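Fold and geometry: a report
Take a look at the letters that make up each chain.
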Amino acid sequence: MSDNHKKAPAWVWVTTPAIAIGFIGFIIYLSTVPAGDELESLRGDARQVLQESIDRAREDAATVEKTVKPSYDFYRLLEKQTVEVPDVEAYKSTPKDAAAKYEYRLQAGSFRSDTDADRMRAELLLEGLPAYLESSAVNGSTWHRVFVGPYTDRSKMNKAQDILVSRNVSPLVLKQKLTD
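Quick caveat, the model's predicted, so the values are computed rather than measured. (Residues numbered from 1 in each chain as written. Predicted model: local features only at pLDDT ≥ 70, side-chain atom pairs only at ≥ 80, totals over all residues. Heavy atoms only, no water.)

Observations regarding the environment of Gln176
Put simply, the rule is: Only DSSP runs of H or I covering at least 4 residues are called helices, and only runs of E covering at least 2 are called strands; the numbering of each starts at the N terminus. A contact between two residues is defined here by any heavy atoms of the two lying within 4.5 Å.
Turning to its location among the elements, Gln176 is positioned in strand 4 (residues 172-177). Linking Gln176 and Thr152, residues 24 residues apart in sequence, is a C-alpha distance of 9.9 Å. In contact with Gln176, not counting residues within four places along its chain, are Lys101, Tyr102, Glu103 and Arg105.

As for the environment of Ala108
Mapped onto the secondary structure, Ala108 falls in strand 1 (residues 102-111). Those residues within four positions of Ala108 in sequence are excluded, and the remaining contacts are Met120, Leu124, Val146, Val148, Leu164 and Val169.

Quick word on the side chain of Gln107
Inclusion rule: Each residue is placed in one exposure class: buried if its accessible area under a 1.4 Å probe, protein chains only, is under 20% of its type's maximum, exposed if it is over 50%, and partly exposed if it falls in between.
On the secondary structure map, Gln107 appears in strand 1. On the basis of relative accessibility, which here comes to 16%, the residue Gln107 falls in the buried class. Ignoring anything within four residues of it in the chain, the contact list for Gln107 reads Arg145, Val146, Phe147, Ser170, Pro171, Leu172 and Leu174.

Thoughts on helix 6 (residues 154-166)
Rule in force here: To estimate how far a helix should extend, the number of its residues minus one is multiplied by 1.5 Å. Arc definition: it is the arc formed by the directions from the helix axis to the C-beta atoms.
An ideal rise of 1.5 Å per residue puts 18 Å on 13 residues; helix 6 measures up with 18 Å between its terminal C-alpha atoms. Every buried residue of helix 6 is accounted for by Met157, Ala160 and Leu164. Looking straight down helix 6, one finds that the buried residues subtend no more than 60° of arc, so they occupy a single side. Turned more than 90 degrees away from the buried face of helix 6 sit Lys159, Asp162 and Ser166, all of them exposed. Contacts from the buried residues of helix 6 go to strand 1, helix 5 (114-126), strand 3 (141-151) and strand 4.

A closer look at the pattern of salt bridges
Side-chain pairs of opposite charge can arise whenever the charged atoms involved come near each other. We apply this condition: The working definition used for a salt bridge is a side-chain nitrogen of Lys or Arg within 4 Å of a carboxyl oxygen of Asp or Glu.
Enumeration over the complete set of coordinates arrives at five salt bridges. Asp118 is the salt-bridge partner of Arg121, the closest N and O atoms lying 3.3 Å from each other. Linking Arg121 with Asp118, this pair stays in helix 5, spanning three residues, or about one helical turn. What makes Asp118 partly exposed here is its relative accessible area of 34%.

This is the structure:
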């Protein structure tokens, strides 16, 4: 006969010891499992411990209910107190037909290059916003600032601010008192 018939395949050498080890482990496991009577006694002990815990919790709840609850009489104290509110000029609202006392502008950007500032001003004008440029010298260099406004109505200023934010521009709100 040839040598191929006498050699056992490699999988036989791997699976046979694995099955034997598994069988020995199963036998050890079975020896640790308690018999039927022992298992029933464990369940009875567990039920007894659970019932004792429930009884103890009910007793604790009963003692908590028996304790004197504190009385709160803060509502009676507040009825007897009076608070005098002084008239303050700042708290009075202005009538709708009153003239605006402030002017609001939004600074949309500040650029060193006048072409960048002019490009932003043009984009804002295309959005329908009243944009303009102001140039100023700061520490020896010229800055070109793009402003939107002026607005005397805060709601219109807020709408313009929303448009700027939708264009990923964080405007700076400038509030200036109007002179009569």
